[in-house]
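These are the residues of each chain, in order.
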Amino acid sequence: MRIALYQPDIPQNTGTILRLCACLDVEAHIIEPAGFPISDRHFRRAGMDYLDQVSIVRHDSWRHFEEWRREAGHRLALFTTRGAVPYLEHRYDANDILMFGRESAGVPDDVAAAADARLVIPMRQDLRSINLAMTVAMALGEALRQTRE
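Residues numbered from 1 in each chain as written. Predicted model: local features only at pLDDT ≥ 70, side-chain atom pairs only at ≥ 80, totals over all residues. Heavy atoms only, no water.

## A closer look at the sheet that holds strand E1 (residues 2–6)
Thinking step 1. Read across the open sheet, the seven strands follow the order E3-E2-E1-E6-E4-E7-E5; overall the sheet is parallel. Lying at the two open borders of the sheet, with one neighbouring strand each, are strand E3 (56–59) and strand E5 (85–86).
Thinking step 2. As paired elements, strand E4 (residues 76–79) and strand E7 (residues 117–120) share three bridges and run parallel to each other. Its bridge partner lying in E7, Ala77 is registered against Ala117. (Pairing = 2+ DSSP bridges. Helix = DSSP H or I, 4+ residues; strand = E, 2+ residues; numbered from the N terminus.)

Structure, rendered in structure tokens:
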């Protein structure tokens, strides 16, 4: 199981997600450009000393990430508010990549079209979105529940 963050723009969320990945032994991929420098103090504070314990793979563009993913044969599950399938109904595989878009804008249409699955976490219609780090935790928890013995 892997987590991919598409051009993340809030350092605190990214640091928190990387801390989660460290604790659950899940590889993290960051698709550049990020909206902050990796040296950002908010990023470091949220990740604490866990950042040295997580496997982070940085991709300098969507194109490079997508080339790597296709060559490696990983399925891509995109979590999006425009998803068609509720995340609890999806069948995960241990080799999946769970991808999450920018907090401010999600992912472009061409990135969404490349996903093998577009998943949604159902929520109240009158609210905009769940915090990204919380969404990753919910999605990863379900994916690991299904795939780890």
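## What to know about the nonpolar core
Thinking step 1. Among the nonpolar cores identified, the biggest contains 28 residues, and Ile3, Ile17, Phe79, Leu98 and Phe100 are the most heavily contacted of them.
Thinking step 2. Where this core is concerned, the elements lending two or more residues are E1, helix H1 (11–24), strand E2 (27–31), E4, strand E6 (97–100), E7 and helix H5 (132–147).
Thinking step 3. Residue contributions to this core peak at seven residues, all from H5.
Thinking step 4. Sequence-distant contacts of Ile17, defined by excluding residues within four places in its chain, comprise Ile3, Leu5, Leu132, Ala133 and Val136.
Thinking step 5. Listed in part, the 14 residues of the second largest apolar core include Ala4, Trp62, Leu78 and Ile97. (Core = buried A, V, L, I, M, F, W, Y, C linked by side-chain atoms within 4.5 Å. Buried < 20%, exposed > 50% of the residue type's maximum accessible area, 1.4 Å probe, protein only. Contact = heavy atoms within 4.5 Å.)

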